[in-house]
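Notes for the structure review
For reference, the chains in residue letters:
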Amino acid sequence: MCGIFGYCSFLQEKDRKTVCDILVNGLARQEYRGYDSAGIGIDGDKPGEMYFFKEVGKVAGLRKKIAESDVDTSKTFISQVSIAHTRWATHGPPSVVNCHPLKSDPDAHFIVVHNGIVTNAVALRLVLQKRGYKFESETDTEAAAILTKYIYDSQTGKKPTFTELVKQVLHELEGSFAFVFKSSHYPNEVVTARRGSPLLIGVKTEKKLKVDFVDVEFAGPESDAKSNSALAPPTSPSGLLAPPSNPGMLRSQSRAFMSEDGLPQPIEFFIASDAAAIIEHTKRVLYLEDDDIAHISGGELHIHRLRRNEEGGAPQAQHRTIETLEIELAEIMKGKFDHFMQKEIYEQPESVVNTMRGRVNFDQARITLGGLRAYLNIIRRGRRIVFCACGTSYHSAIATRAIFEELTEIPVSVELASDFLDRKTPIFRDDVCVFVSQSGETADTILALRYCLERGALCVGVVNTVGSTISRETHCGVHINAGPEIGVASTKAYTSQYIALLMVALQLSEDRISLTERRNQIIQGLHALPGQIKRVLDGDKGFQELATGVLANQRSLLLMGRGYQYATCLEGALKIKEISYMHSEGILAGELKHGPLALIDENMPVIIVMTQDSLYPKVQSAYAQITARKAAPIIICNEEDEGIPKGCQTIRVPSTVDCLQGLLNIIPLQLLSYHLAVKNGFDVDFPRNLAKSVTTE
Ligand code: F6R
């Protein structure tokens, strides 16, 4: 959902073509996040001048537009700063005018790219319009760009530094966001800030950095005064017409970037919403925290805070670590596959192993989750466990709820994050809240997490993306280690979340002798799982035939099952609707006679999950109810099940332990949804109206 990319090169000769290529590639790597238009803002030929390229649709269209333009692509820059963006429309439709970067005025004194939503943009727009400022776009972002110019222009005497200026702007903005600002008043400087939306900065140098952290420069109290409203009347002594405040820095070094000999060294910085956009340039990255303001200028990166520590708040870290990313570029490339989704479905035999690697000891039938070790007893003493997530991540919690309750004997509830917040669910200090998220950046899940943190609950993260907000803000947790998931439809993250949650339940129950046999049985099941997933994948041709045969041209598809397989049906239906745009519903087979049975006749396509567990007889009865009404369901059943009536269409899967069976049953449904989308010519990796990382409520 919206992607930011910024590129700053210092003392490195770069021609304009290279700069544009770097920007456009940075956007292309973030395409999976979901977007509907893209744009870049780069330095022009004359000092202070800027050029813009914007296009509705794909990044490839923007690339073409740049290639066909008549700007001099051979012009070189010793140092330059440029910014780029993929926009996912919220305020105003996808259009060139609404595309970022947004300008403060026709001469583009300030330009801005922005993720998230400025919730008081309407009020700001009205105030600025009253003061004579003209708006071109319908976006909330333009209010931020124009506000920046207004604050700058209002200051007589010594002008503020770029950081001070942006700080004053941010004090006026409400909502959650990430910004990058560039200005003709501050050539070769860029300021970027986050509150709620992810942002990271990659650093590339020839020489090794002196230290692997950047000090946070805390401002004195006077510069934090929120009452210094930028929109106070111009005559107000406390308003921005007053001279800029003394920044009163307590620390002002950027030790990492100081060269041994005191001479400035060539350096490049890459700003992005996602590490995937950076790793082809550098693996050295620094994650910004909420309310951080990063200023890049003269080859140095400085980090400031928007406000001082709130009284009573947790102490703030004194520095931001420059970490080394472990992902490889190849991991985010499609390789031999046609789509990322297909690649990610096929990766599952390895991704589930990665989730278990170093954590499951198959010989001793033991689980060790390092990130939870210190908290196990607190969790065991909790009076209930509340899972909180959205979409596929929510389904992984539904899938493991029963085994969690069985192994831990702690009551478990599973909450959709948005509804959890809407209901203002009561949460107490002895609750354990588990936040499941692939991206770690889903706005509803983050808000639910903060809600639980405020109420003193122990908050546990089950997250794929290292360094993400949820992984940083939870007390403890488990990284699912599924590797980058690029396709918007979540596939390998689901199976890895499922296993990670199961491992948590197994570890929590290790002190229960009576459950040893059950635990051993599950751990042995986990051992066989990667091979079994491979076997299901081998049947892909059959799933493709279903998609192009009996299921082709259908308008609807019902999926039914019960017990562990209810989650399989919900998740399978979500996959089908989100990428093939076919109506699909996951139905709890026990609920059939309470309503859904009315939908059943010979024309209604149905898939019924009938793998053999303790509920098998009950699913057989659901099967009888629907076939009595002339439905001809496709049956997902075990390879060796001979009880399936002759002549039925089946999808055969290997059998495993009841609580693991959903991991195998979901694979044919993932592939079926994939083939249905491909058959209809839909954009599998970028389904309409959806984004990979939903960073707005
Ligand atoms: C569906 C899908 C979404 C996500 C949901 C939560 O295929 O991907 O339903 O599961 O938006 O996202 P995360 O897991 O990143 O919090």
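The paragraphs below set out a description of the structure included in this document. Numbers given to residues run from 1 along each chain, matching the order in which its sequence is written. The predicted origin of the model limits local features to residues at a pLDDT of at least 70 and limits the giving and counting of side-chain atom pairs to 80 or more, whereas totals for whole chains, interfaces and linings rest on all residues. Remark: hydrogens and water are excluded; side-chain values derive from all non-hydrogen atoms of the structure.

**Focus: the sheet that holds strand 22 (residues 412–416)**
- In short, DSSP must find at least two bridges between two strands for them to pair. Elements are defined by DSSP. Helices are runs of H or I of four residues or more, strands are runs of E of two residues or more, and each kind is numbered from the N terminus. Strands sit in the order 22-21-23-24-25 across an open sheet of five strands; the sheet is parallel. The outermost strands of the open sheet, each flanked by one partner alone, are strand 22 and strand 25 (476–479). When strand polarity is set aside, the average angle formed by the axes of neighbouring strands in this sheet is 20°.
- One ladder, built from four bridges, connects strand 24 (residues 458–463) with strand 25; its direction is parallel. Paired with valine 460 across the bridge in strand 25 is cysteine 476.
- Pairs of residues are marked as contacts when any of their non-hydrogen atoms sit within 4.5 Å. In this analysis, axes come from line fits to C-alpha atoms, helices being fitted only over the stretch in contact, and the angle between any two N-to-C directions falls in the range 0 to 180 degrees. In this fold helix 13 (residues 492–508) packs onto strand 21 (384–389), strand 23 (431–437), strand 24 and strand 25, with an angle of close to 160° to the strand it touches most, strand 23.

**Brief notes about the sheet that holds strand 4 (residues 50–56)**
- If you walk across this open sheet you meet the eight strands as 4-3-6-1-13-11-14-18, and the pairing is antiparallel. Looking at the sheet topology across the chains shown, the edges are occupied by strand 4 and strand 18 (323–324).
- Taken together, the five bridges between strand 3 (residues 37–43) and strand 6 (residues 80–87) define a ladder with antiparallel strand orientation. Opposite glycine 41, over in strand 6, you have isoleucine 83 as the bridge partner.
- The strands touched by helix 1 (residues 16–28) within the sheet are strand 1 (3–10), strand 3, strand 4, strand 6 and strand 13 (267–272), with strand 3 carrying the most contacts at an inclination of about 150°.
- Relative to the sheet, helix 2 (residues 59–68) contacts strand 3, strand 4 and strand 6, its axis offset from that of strand 4 by approximately 140°.

**Examining the layout of surface pockets**
- Its boundaries defined by the atoms lining it, the largest pocket holds a volume of some 1,000 Å³.
- Space inside and on the surface of the protein is sampled on a 1 Å grid over the protein atoms alone, with a cavity defined as a set of points where a 1.4 Å probe fits but cannot get out and a pocket as an open set with protein on both sides within 12 Å along at least 5 of 7 lines; lining residues have an atom within 4 Å of a point. Surrounding the largest pocket, 43 residues form its lining, Ile327, Asn464, Val466, Gly483 and Pro484 being those nearest its centre.
- Contributing elements (two or more residues each) for the lining of the largest pocket: strand 18 and helix 7 (348–356).
- Among the elements that take part in the lining of the largest pocket, helix 7 stands out by supplying three residues, more than any other.
- Residues are grouped as follows: Ala, Val, Leu, Ile, Met, Phe, Trp, Tyr, Cys and Pro are nonpolar; Asp, Glu, Lys and Arg are charged; every other residue, Gly included, is polar. Here the lining of the largest pocket is composed, by residue class, of 14 nonpolar, 13 polar and 16 charged. Grid points are joined across faces, edges and corners, and a volume is the space filled by probe spheres set on the points.

**Regarding helix 9 (residues 391–408)**
- Between its first and last C-alpha, helix 9 extends 25 Å over 18 residues, near the 26 Å set by a 1.5 Å rise per residue.
- At any given residue, the bend is defined as the angle formed between two axes, one fitted to the seven residues that end at that position and one fitted to the seven that begin there. At threonine 400, helix 9 shows its maximal bend, which comes to roughly 45°.
- With 13 of 18 residues buried, helix 9 is to be regarded as a mostly interior element. Helix span, as expected, comes to 1.5 Å for every residue beyond the first. Relative accessibility decides the category of a residue: with a 1.4 Å probe and only protein chains considered, values under 20% of the type maximum give buried, values over 50% give exposed, and everything between is partly exposed.

**Description of the pattern of salt bridges**
- Here, a salt bridge means any Lys or Arg side-chain nitrogen found within 4 Å of an Asp or Glu carboxyl oxygen. What the rule picks out here adds up to 37 salt bridges.
- A salt bridge links lysine 58 to aspartate 683; the shortest N-O distance between them is 3.5 Å. Here the residue lysine 58 occupies a position in the loop between strand 4 and helix 2, and aspartate 683 occupies one in the segment after helix 18 (661–679), the gap between them amounting to 625 residues.
- For aspartate 683, a relative accessible area of 32% gives the class partly exposed.
- Aspartate 292 is the partner of arginine 320 in a salt bridge, and the nearest nitrogen-oxygen pair spans 2.6 Å. Placement of arginine 320 in strand 17 (residues 319–321) and of aspartate 292 in strand 15 (residues 292–297) is noted, with a sequence separation of 28 residues between them. Of the two residues, arginine 320 and aspartate 292, both sit in the buried class.
- Taken together, the shared-partner salt bridges connect Arg194, Asp290, Arg450 and Glu473 into one network.

**Here's the deal with the nonpolar core**
- Ranked by size, the top nonpolar core spans 87 residues in total, and within it Leu372, Ile385, Phe387, Phe404, Val434 and Ile522 carry the most contacts.
- At 12 residues, the largest contribution of residues to this core is made by helix 13.
- Residues within four places of isoleucine 522 in sequence aside, it is in contact with Ile403, Leu407, Leu502, Leu506, Val657, Cys659 and Leu660.
- Residues Tyr51, Leu62, Ile278 and Ile486 belong to the second largest nonpolar core, which totals 34 residues. Residues grouped as a nonpolar core are buried Ala, Val, Leu, Ile, Met, Phe, Trp, Tyr and Cys residues, joined through side-chain atoms within 4.5 Å.

**With respect to the environment of proline 266**
- Relative to the assigned elements, proline 266 resides in the loop between strand 12 (213–217) and strand 13.
- With 216 residues separating them in the primary sequence, proline 266 and methionine 50 have C-alpha atoms 23 Å apart.
- Those residues within four positions of proline 266 in sequence are excluded, and the remaining contacts are Phe10, Leu11, Gln12 and Thr205.

**What about the packing of aromatic side chains?**
- Each Phe, Tyr or Trp ring (for Trp, its six-membered ring) is paired with any other whose centre lies within 6.5 Å, and the angle between the two planes then decides the class: stacked below 30 degrees, edge-to-face above 60, tilted in between. Applying the stated criterion to the full structure yields 14 aromatic pairs.
- Ring centres of tyrosine 7 and phenylalanine 270 lie 5.1 Å apart, and the angle between their planes is 20°; this geometry places the pair in the stacked category. Of the two residues, tyrosine 7 sits in strand 1 while phenylalanine 270 sits in strand 13, which places them 263 residues apart along the sequence.
- Relative accessible area serves as the criterion here: at 0%, tyrosine 7 is assigned to the buried category.
- Geometrically, the ring pair formed by tyrosine 581 and phenylalanine 682 is tilted, given 4.4 Å between the ring centres and 35° between the ring planes. A residue pair is termed long-range when its members are at least 10 positions apart, and tyrosine 581 in the loop between helix 16 (565–580) and strand 27 (583–588) and phenylalanine 682 in the segment after helix 18 qualify at 101 residues.
- For phenylalanine 682, a relative accessible area of 28% translates into the label partly exposed.
- Site record: aromatic cluster; members linked through ring pairs are Phe110, Tyr152, Phe162 and Tyr186.

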